[in-house]
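If you want the building blocks of each chain, they are given just below.
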Amino acid sequence: MKTKKLYCSFCRKDSTDVSHMLGGPGVNICGECVTRCNDILASSETLAFDWTELSDEALLRAMASSSAMVDQARETLQRHVDLLRERGISWAAIGEELGVSRQAAWERFT
């Protein structure tokens, strides 16, 4: 079975480019970003990320990891729905939570 690459949800580096990668439901963060976040939290500085500041080449390089992250999120959502259905939760309840009709939820996840 082929192992999928994991990408940091923040910096987009893949797991082979960093020493540590922590994973959550549909998201990942590398050790470098954890360190940076800790530094930011320890200061009064507020930082914002602006995609428009990236070069064309950097934006192109980020596409593969962004696509992989979308796929991971889609798989996570499917697992949530599958688990809810196994527990007997109705399509109507799932659809309501997602802001769609029962029929739309059923069509999307079956």
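Bear in mind that the values here come from a model prediction, so they are computed numbers and not experimental data.

Caption draft 1: Quick look at the side chain of N28. Tracing the backbone through its elements, the reader meets N28 in strand β2 (residues 27-30). The exposure class of N28 is buried, given its relative accessible area of 8%. A distance of 3.4 Å separates the side chain of N28 from the side chain of Q72, its partner in a polar contact. In this structure N28 touches L6, Y7, C8, S9, F10, M21, L22, G23 and Q72, once residues within four positions along its chain are discounted.

Caption draft 2: Molecular detail of the environment of W106. With respect to the helices, strands and loops of the structure, W106 is situated in helix α4 (residues 102-109). A relative accessible area of 40% means that W106 is categorised as partly exposed. A sequence separation of 29 residues divides W106 from L77, and the C-alpha atoms of the two residues are 13 Å apart.

Caption draft 3: Focus on the packing of helix α2 (residues 56-86) against helix α3 (residues 91-98). Orientation of α2 relative to α3, taken along the N-to-C sense of each, is 145°, at an axis distance of 10 Å. Along this stretch, α2 crosses α3, giving a crossing that reads as right-handed. Across the interface between the two elements, L77, V81, L84 and R85 of α2 pack against W91, I94 and L98 of α3. Residues of the contact of α2 with α3, tallied by class, amount to 6 nonpolar, no polar and 1 charged.

Caption draft 4: Region of interest: a nonpolar patch on the surface. Nonpolar side chains collect at one region of the surface, where F49, W51 and L59 lie side by side and expose about 300 Å² of accessible area between them. Position of F49 among the secondary structure elements: in the loop between α1 (31-42) and α2.

Caption draft 5: Quick look at the pairing of β2. The pairing of strand β1 (residues 21-24) with β2 spans 4 bridges and is antiparallel. Pairing of G23 across the sheet is with N28, part of β2. Connecting β1 to the next strand, β2, in antiparallel fashion are 2 residues, including G26 with a positive phi near 85°.

Caption draft 6: Representation of the environment of R108 in the model. Examined against the element boundaries, R108 turns out to sit in helix α4. Using a relative accessible area of 54% as the deciding quantity, one classes R108 as exposed. With 13 residues separating them in the primary sequence, R108 and G95 have C-alpha atoms 10.0 Å apart. Beyond its immediate chain neighbours, meaning those up to four positions away, R108 contacts L77 and Q78.

Reading the values: rules and limits
Residues numbered from 1 in each chain as written. Predicted model: local features only at pLDDT ≥ 70, side-chain atom pairs only at ≥ 80, totals over all residues. Heavy atoms only, no water. Helix = DSSP H or I, 4+ residues; strand = E, 2+ residues; numbered from the N terminus. Buried < 20%, exposed > 50% of the residue type's maximum accessible area, 1.4 Å probe, protein only. Polar contact = N/O pair within 3.5 Å; in protein donor to acceptor, adjacent residues only side chain to side chain. Contact = heavy atoms within 4.5 Å. Axes fitted to C-alpha atoms, helices over the stretch in contact; angles between N-to-C directions. Left-handed = near helix turned anticlockwise from the far one by under 90°. Nonpolar A, V, L, I, M, F, W, Y, C, P; charged D, E, K, R; others polar. Patch = residues over 30% accessible without salt bridge, like charges linked within 9 Å, V, L, I, M, F, W, Y side chains within 5 Å. Areas by Shrake-Rupley, 256 points an atom, 1.4 Å probe, with all protein chains shown as cover. Salt bridge = Lys/Arg side-chain N within 4 Å of Asp/Glu carboxyl O. Pairing = 2+ DSSP bridges.

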